[in-house]
Amino acid sequence: MDPAELRASIPALERCTYFNTGASGPTPRPVVNAATAFLERHAFDAPTDEGPYTVAWDALAAAREVVASHIGTDAANVALTRSTADGVNMVAGAIDWQPGDVVVRTDLEHPAGTLPWDRLADTHDIEVRVLETDAGRLDMADVKDAVADARLVALSSLSWTHGTNLPVSDVVDVAHDAGAQVLVDAVQSVGQHPVDVTEWGADFVAAAGHKWLLGVWGGGFLYADPDGYDRLHQTRIGYRSVENPGADGYEYHEGARRFEVGTTSPVPYVALAHAIETVEAIGFDTIQPRVERLTDRLKDGLGDRLLSPRDYESGLVTFTADDPEATVERLAAEGVIIRSLSHPEALRASVHAFNTADDIDRLLDAL
């Protein structure tokens, strides 16, 4: 598949020029078709054939395999979640927090990566230590000082505010040297760049498929390093969490499935797997150079309004505007979809492989 074929497969692009994939991507029709076909099979045929549980578990297992291959790990290390926030909460709820425990996060995190720690500060008296950044950049000296007595470090692999790549591997090395675990929000990376969780070395990586992977809502995933399980104190449990739900007593599943609790629809994960396979069919060797060319064109047109790095790091381009919210509304009325940000107070355009040079020019003209 090439970018032109991808573009032709996305019905939403027939009605607008879309630059908000960093919030929610427009889904290709074949991804929706795959999900719909599975839903019909599960609802109509499975009850009288293999059985709805068998069909569902087979689909979930297949999705885990696709996710695992995409992020460089084994399927046993992948739990299926509803979203990035769901994965973050799974980790937050599986640690036996004590008063005074320290969580370090950056000031670049999405609310999905801030609210769980704020809540734990209220309920368990933990300390949330916030690393200040400059234009989406981390100072590693600040990181080293902040994590010295931390229990967990939480950061994004790619900032949703500036489109900057954060030095995940470096942060992991420093955090592990200090005895802290690391949780990475990778939702802005998957679908944009190759992700190899083994190279990162993080203990946990949470993401979802409805942004750059162009899947549907409800299909997320959590990577968990098996070496980190002995430091957890899980409280959530259900028949999918344990090795043998019918046994006397219980034993948590040996893999990341320990984070999965009960019955869930396989449909979003069928879509997730198909979306990943679609992105892989295009290939990052095609996606990244194309997005670089398009974002270069956009940045040239924006001039000194640009807040994101001038050189390519991602498809997220943040820039200033006199009234961001009013500009978003005006552009939407003209069929150009972008979004506003609060911190910084700015506009953000998300450029993906389905976009074209004409799209960029239309955005610049509208601005």
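Our structure's up above, just so we're on the same page.
Source: prediction; values computed, not measured.

Peer 1: For this particular structure, what's the right way to read the sheet that holds strand β11 (residues 339-341)?
Peer 2: Pairing between sheet strands relies on hydrogen bonds along the backbone, with the strands arranged either parallel or antiparallel. A sheet is described by the order of its strands in space; here 3 strands give the open sequence β9-β12-β11, paired in antiparallel fashion. Each end of this open sheet is capped by a strand with a single partner; those strands are β9 (316-319) and β11. On average, each strand axis in the sheet is tilted by 35 degrees relative to the strand beside it, whichever way the strands run. Across 3 bridges, the pairing between β11 and strand β12 (residues 346-350) is antiparallel. Each bridged residue has a counterpart across the sheet, and for Arg339 the counterpart in β12 is Arg348.

Peer 1: Would you explain the pattern of salt bridges in this entry?
Peer 2: Two side chains that carry opposite charge are able to pair once their charged atoms sit near each other. Under the definition given, this model contains 14 salt bridges. Asp300 is the salt-bridge partner of Arg310, the closest N and O atoms lying 2.1 Å from each other. You can see Arg310 sitting in the loop between α10 (284-302) and β9 and its partner Asp300 sitting in helix α10, a full 10 residues away along the chain. A relative accessible area of 39% means that Arg310 is categorised as partly exposed. Between Glu334 and Arg330 there is a salt bridge, with the nearest N and O atoms lying 3.2 Å from each other. A single salt-bridge network, built from bridges that share partners, covers Arg64, Arg240 and Glu260.

Peer 1: Mind showing me how you'd approach the environment of Pro30 here?
Peer 2: Within the fold, Pro30 resides in helix α2 (residues 29-45). Taking C-alpha positions, Pro30 is 38 Å from Asp107, a pair spaced 77 residues apart along the chain.

Peer 1: Any chance you could explain the sheet that holds strand β3 (residues 102-106) here in plain terms?
Peer 2: Overall, mixed pairing links the 7 strands, which are arranged β2-β8-β7-β6-β5-β3-β4 in an open sheet. Bordering the open sheet on either side are β2 (78-81) and β4 (127-131), each of which pairs with just one other strand. For this sheet the average axis-to-axis angle between neighbouring strands, irrespective of direction, equals 20 degrees. Across 5 bridges, β3 lies against β4 in parallel orientation. When the sheet's bridge partners are listed, Val103 is paired in β4 with Val128. Sheet contacts for helix α4 (residues 84-92): β2, β6 (181-185), β7 (204-208) and β8 (220-224); angle to β7, the most-contacted strand, approximately 155 degrees.

Reading the values: the criteria
Residues numbered from 1 in each chain as written. Predicted model: local features only at pLDDT ≥ 70, side-chain atom pairs only at ≥ 80, totals over all residues. Heavy atoms only, no water. Pairing = 2+ DSSP bridges. Helix = DSSP H or I, 4+ residues; strand = E, 2+ residues; numbered from the N terminus. Axes fitted to C-alpha atoms, helices over the stretch in contact; angles between N-to-C directions. Salt bridge = Lys/Arg side-chain N within 4 Å of Asp/Glu carboxyl O. Buried < 20%, exposed > 50% of the residue type's maximum accessible area, 1.4 Å probe, protein only. Contact = heavy atoms within 4.5 Å.

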